[in-house]
Structures are given as C-alpha cells and as structure tokens.
Amino acid sequence: MWEKMAAAVHPRVVLALPMSRSSIPALATSAFHGPPQRQLHHAVIPHGKGGRSSVSGVVATVFGATGFLGRYVVNHLGRMGSQVIVPYRCEAYDTMHLRPMGDLGQIIFLEWDGRNKDSIRRAVEHSNVVINLVGREWESRNFDFEDVFVKIPQAIAQVSKEAGVEKFIHISHLNADIKSSSRYLRNKAVGEKEVRAVFPEATVIKPADIFGREDRFLNYFANIRWFGGVPLMALGQKTVKQPVYVVDVSKGIVNAIKEPDARGKTFAFVGPNRYLLFDLVQYIFAVAHRPFLPYPMPRFAYQLIARLFEISPFEPWTTRDKVERVHISDMTLPHLPGLEDLGIQASSLEQKAIEVLRRHRTYRWLSSEIEDVKPAKTVNI
C-alpha cells in the first residue's frame, strides 16, 4: 500500500529510493513542499475516511491536557484521527481518562518539566501543532502566576518556533489586561505579549469564564451555599458575565487548527448572552433547586475570608485573586473574531447548565426537568 501511495505522489522518486515506512515522510515533504526542512512523522500524511481510526494529518502536542479544558481538546483531536502528545507532570494514573480518546497508539504520554527547554523540545519535535493550555487557579510556592502564564508559555513558544512547528495556539483570557486588579489577569496579558514576541504567527484565543461538568465557575457558585448564603460584592449588581461552554471552546480550538487564516490572529470566545452576576448566581441556585440567600459582603471582608482558605495546605476553595476575578465584568471585544468565524454556534448557559448543576440537587429534585426553571435575565451587549 505504501509503495502505491508513493508512486501516486511522485512516480520518478520511487525508482530512486527504497520504499520503507520511514522514508514516506521525507518523500511526501519533498513532493509537496520542496526541499525537506524538517523530519516529519509518517502520521502527517492524511488518509482514511475520517474518524478516530483515520489519520487527520495533525500531530499535536497539548500542554495542559490533563486539566479541565485539555480533556475536551484531546477528545476532539482524537475523534478526528489526530496523533496527540500529552506532556504531564502529575501521577500517570491521573492521565488514564485520556487514553481511550484516540485510536491505539495515537495518544502518547511523556513526562515534562516546564523549566527545562530540553524537556519541552522532546515534546514538540515531531509535532506540527502545539497547543498551550497550561494554567492554574491559584499560586503555590513552586509555581506562581508569572511562571505559569508568562515564563512557561514563552519557553514553549520559543522552543516550538525553533523546532519548526507550523501552528501554535495559546489560550489566554477574555479579561487579560496589564492594568487589571487581578494578578492572574495581569500575567495572562503579559504572557500574550511574550508569546507573540517569539512566535508572531501564533493564534491567541481569549475565552470568557468557561463552564462545563468539571468547571470552577458554576460549581464554584453552587458550592458557595456552605457560607450560609451567597456573599457577593455589591450584591453582584455591578458585574456582568458572558460565560462560554467548554465544548464550544474546544471545537473552536480544533477549527482554528484547520483554518489557515487563523495564523497570527486573536479570537475572543464568549457565550451568546450576558448576565448580571446576581441574576447568573440566582439562576444557578434555581437549577440546583437550592435556596438563594444573597447578602452583600465588603471587599476587605471577602478578601480576609479568602486569605484563610489560602493558608490551607490543600487546594484552596477560593483565593483573594479569585474573589477579585469573579467580580470583574467581562470585556466586550467586537473587533476580534469569535466562535462564529470558526463555524461554531455558541451554546447558551440555559441549554447546558443542567449538565453541571444536576449533581448539586437533593434527591427529591434529581430528575426534575430544567423547563421548570425560569431563564436568567440577560443584559444587552
């Protein structure tokens, strides 16, 4: 089969080269792109009818694949027949949920160190696409926000550029701003600039707060009931949110890989509706069939409580920076392309919230239909 494919590509070359599986990538590269500049893996030659058992031609390294958004991106890549390299720092057991997402041998795992460029180079050297999803909600003694959002993405982008990677996709945040009151968002903005500086053709994606089954957005507010109510700064009347569904974001990332015009562009991924934070949280509690008891809490008091959570040696439920981020209104960036420009119709919160919030219901309301809940009030864009 390989001999026939090579003959169809370039009949004259077949007479001059012994046809082995390892020689096919170089042959395809010379036939379609002129002199070979980089040793490519055989998986970049697309074949098959589509689906997980075909070969899409995409060999993608997904940094941060073990996180919330990462599992959806790996799933979509695997379903279209891509080979996915998954660098990980966690226990190998924590990557098990990613193994069935691609065909046999198509999901490849390797340990990496974000501070070691040789480790990064080993992860990207055979890839034509690199996706950076590295992130975390809180700082630790080992990794602060500057490490996670600036230094590591810069190193990944630089090594990817040197390795000849064709497409680099970097995930930022809709509210990333160098002047933000949130350290998280300030470093996100700096990270964007550093990535652009070393990889100008990178595609930057700026999603709003992402919701889904494993999120730290809807689940965060649903669990806030353990405070004996719902504390909100200014009762949430001064904050506007436009959350986006995780599946839409992951589809948008995959479509950005396929879209040749996405190179060098910045995309803003947002949901179809904007909500006052008060109305949004009220809707979350209505879907969960939990009593909604909001009360105003001053900033200094909220920050003090968050500081107590930060002292915990385990994953903090909230932090001072998260309290700040939650009460920052989502930007409107109409000048940037969005999901629609990549062929994605954004799903509304009302369509998908039940997937996340059913687990927060008591047994009595477990099977209750979502139609029983009044939709949340929206704010004009």
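Remember, predicted model here, so these are calculated numbers, not experimental data.

Participant: Which residues make up the sheet that holds strand S4 (residues 129-132), and what are the values?
Facilitator: Strand order in the open sheet made by the seven strands is S3-S2-S1-S4-S5-S6-S11, with parallel pairing throughout. Bordering the open sheet on either side are strand S3 (107-111) and strand S11 (266-269), each of which pairs with just one other strand. The mean inter-strand angle of the sheet, taken between neighbouring strand axes irrespective of direction, is 20°. Alignment of strand S1 (residues 59-63) against strand S2 (residues 83-88), held across three bridges, turns out to be parallel.

Participant: If you had to explain empty space enclosed by the protein to someone new, which residues and values would you point to?
Facilitator: Evaluation of the coordinates by the stated rule reveals one cavity of 30 Å³ or more. The volume enclosed by the largest cavity comes to roughly 30 Å³. Lining of the largest cavity is provided by Lys167, Phe168, Ile169, Thr203, Ala256, Glu259, Ala262 and Arg263. Broken down by element, the residue count for the lining of the largest cavity peaks at three residues, all from strand S5 (residues 167-171). For the lining of the largest cavity, the class distribution of residues is four nonpolar, one polar and three charged.

Participant: Give me the layout of surface pockets: which residues, what numbers.
Facilitator: Its boundaries defined by the atoms lining it, the largest pocket holds a volume of some 1500 Å³. Secondary-structure elements contributing two or more residues to the lining of the largest pocket are helix H4 (68-79), S2, helix H6 (145-163), helix H7 (183-198) and helix H12 (320-326). The element contributing the most residues to the lining of the largest pocket is H4, with four residues. Residues of the lining of the largest pocket, tallied by class, amount to 21 nonpolar, nine polar and 14 charged.

Participant: Tell me about the packing of aromatic side chains, residues and numbers included.
Facilitator: According to the stated counting rule, one finds 16 aromatic pairs in the structure shown. A connected cluster of aromatic rings, assembled from ring pairs, spans Phe217, Tyr220, Phe221, Phe227, Phe309 and Trp317. Positioned over the ring face of Trp138 is Arg136, at 4.8 Å from the centre of the ring. Cation over ring: Lys161 sits above Phe199, and NZ or CZ is 4.9 Å from the ring centre.

Participant: Account for helix H11 (residues 299-310), naming residues and giving values.
Facilitator: Under the 1.5 Å per step criterion, the end-to-end length of H11 is 16 Å for 12 residues, consistent within 8% with the ideal 16 Å. Those residues of H11 that sit buried are Ala301, Tyr302, Gln303 and Ala306. Residues of H11 that are buried in the fold lie against helix H8 (218-223), strand S8 (230-232) and H12.

Participant: Residues and numbers for the packing of H6 against H7, please.
Facilitator: A pair of packed helices can be characterised by two numbers: the angle between their axes and the separation between those axes. Running from N to C, H6 and H7 point in directions that differ by 15°, and their axes come no closer than 8 Å. Considering their axes alone, H6 and H7 lie roughly parallel with respect to each other. Where H6 crosses over H7, the handedness of that crossing is right-handed. Along its contact with H6, which presents Phe145, Glu146, Phe149, Val150, Pro153, Gln154, Ala157, Gln158 and Lys161, the element H7 presents Arg183, Tyr184, Asn187, Lys188, Val190, Gly191, Glu194, Val195 and Val198. Of the residues assigned to the contact of H6 with H7, the class counts are nine nonpolar, four polar and five charged.

Participant: Would you mind going over the side chain of Gln106 in detail, with residue names and values included?
Facilitator: Its location among the elements puts Gln106 in the loop between S2 and S3. For Gln106, the side chain forms a polar contact with the side chain of Gln83, separated by 3.4 Å. Beyond its immediate chain neighbours, meaning those up to four positions away, Gln106 contacts Gly81, Ser82, Gln83 and Val84.

Participant: Describe in detail the confidence of the model for the protein chain, supporting the description with residues and values.
Facilitator: When pLDDT is averaged along the protein chain, the result is 86, and 88% of the positions lie at 70 or above. Low confidence marks residues 1-36, where pLDDT is under 50. Its contacts with residues over four positions away, or in another chain, come to 32 contacts.

Participant: An account of unusual backbone geometry is requested, with residue identities and associated values reported.
Facilitator: With a phi angle near 55°, Leu235 is a residue other than glycine that sits in the positive phi range. Residue His289 is not a glycine yet carries a positive backbone phi of 55°. Checked against the element boundaries, His289 lands in the loop between helix H10 (277-287) and strand S13 (294-296).

Participant: Please give an account of the nonpolar core that cites residues and values.
Facilitator: In terms of nonpolar packing, the biggest core is built from 79 residues, with Val62, Leu69, Leu77, Ile131, Leu218 and Ile253 touching the most fellow members. For this core, the element with the most residues is H10, which contributes eight residues. Sequence-distant contacts of Ile131, that is, excluding residues within four places in its chain, are made with Thr61, Val62, Phe63, Val73, Leu77, Ile169, Ile253 and Ile257. Within the second largest apolar cluster, 28 residues are counted, among which are Trp112, Ala155, Phe168 and Ala202.

Reading the values: rules and limits
- In every chain, residue numbers begin from 1 and rise along the written sequence.
- Whole-chain, interface and lining totals are the exception, using all residues; otherwise, since this is a predicted model, local features are given only for residues with pLDDT of at least 70 and side-chain atom pairs are given and counted only at 80 or more.
- Hydrogens and waters are ignored; side-chain quantities use all the structure's heavy atoms.
- Any two strands with at least two DSSP bridges between them are considered paired.
- Helix and strand definitions follow DSSP, with helices as H or I runs of at least four residues and strands as E runs of at least two, each counted in order from the N terminus.
- Note on method: axes are straight lines fitted to C-alpha atoms, helices fitted across the in-contact stretch only, with angles between N-to-C directions ranging 0 to 180 degrees.
- Cavity: a set of points on a 1 Å grid over the protein atoms alone where a 1.4 Å probe fits but cannot get out. Pocket: an open set with protein on both sides within 12 Å along at least five of seven lines, its lining residues, like those of a cavity, having an atom within 4 Å of a point.
- Grid points are joined across faces, edges and corners, and a volume is the space filled by probe spheres set on the points.
- In this classification, Asp, Glu, Lys and Arg are treated as charged, Ala, Val, Leu, Ile, Met, Phe, Trp, Tyr, Cys and Pro as nonpolar, and every other residue, Gly included, as polar.
- Only Phe, Tyr and Trp rings take part, Trp by its six-membered ring, and two of them pair if their centres are within 6.5 Å. Stacked means planes under 30 degrees apart, edge-to-face means over 60, and tilted covers everything else.
- Each ring is checked for a lysine NZ or an arginine CZ that lies within 6 Å of its centre and within 35 degrees of its normal; such an atom marks a charge sitting over the ring.
- Between the first and last residue of a helix there are one fewer steps than residues, each counted as 1.5 Å, and that sum is the expected span.
- Each residue's exposure class comes from its accessible area (1.4 Å probe, protein chains only) as a fraction of the maximum for that residue type: buried when under 20%, exposed when over 50%, partly exposed otherwise.
- Contacts were defined at the residue level, with two residues in contact if any of their heavy atoms lie within 4.5 Å.
- Geometric relationships in this document are graded by angle, where less than 35 degrees denotes roughly parallel, more than 145 denotes roughly antiparallel, 65 to 115 denotes roughly perpendicular, and other angles denote oblique.
- Rotating anticlockwise by less than a right angle from the far helix to the near helix defines a left-handed crossing, while the corresponding clockwise rotation defines a right-handed one.
- Between N or O atoms, a polar contact is any pair within 3.5 Å; within protein, one atom must be a potential hydrogen donor and the other a potential acceptor, and residues adjacent in sequence are included only when both atoms are from side chains.
- A residue's pLDDT is simply how confident the predictor is in it, with values from 0 to 100.
- We define the nonpolar core as a collection of buried residues of types Ala, Val, Leu, Ile, Met, Phe, Trp, Tyr and Cys that are connected through side-chain atoms lying within 4.5 Å of one another.

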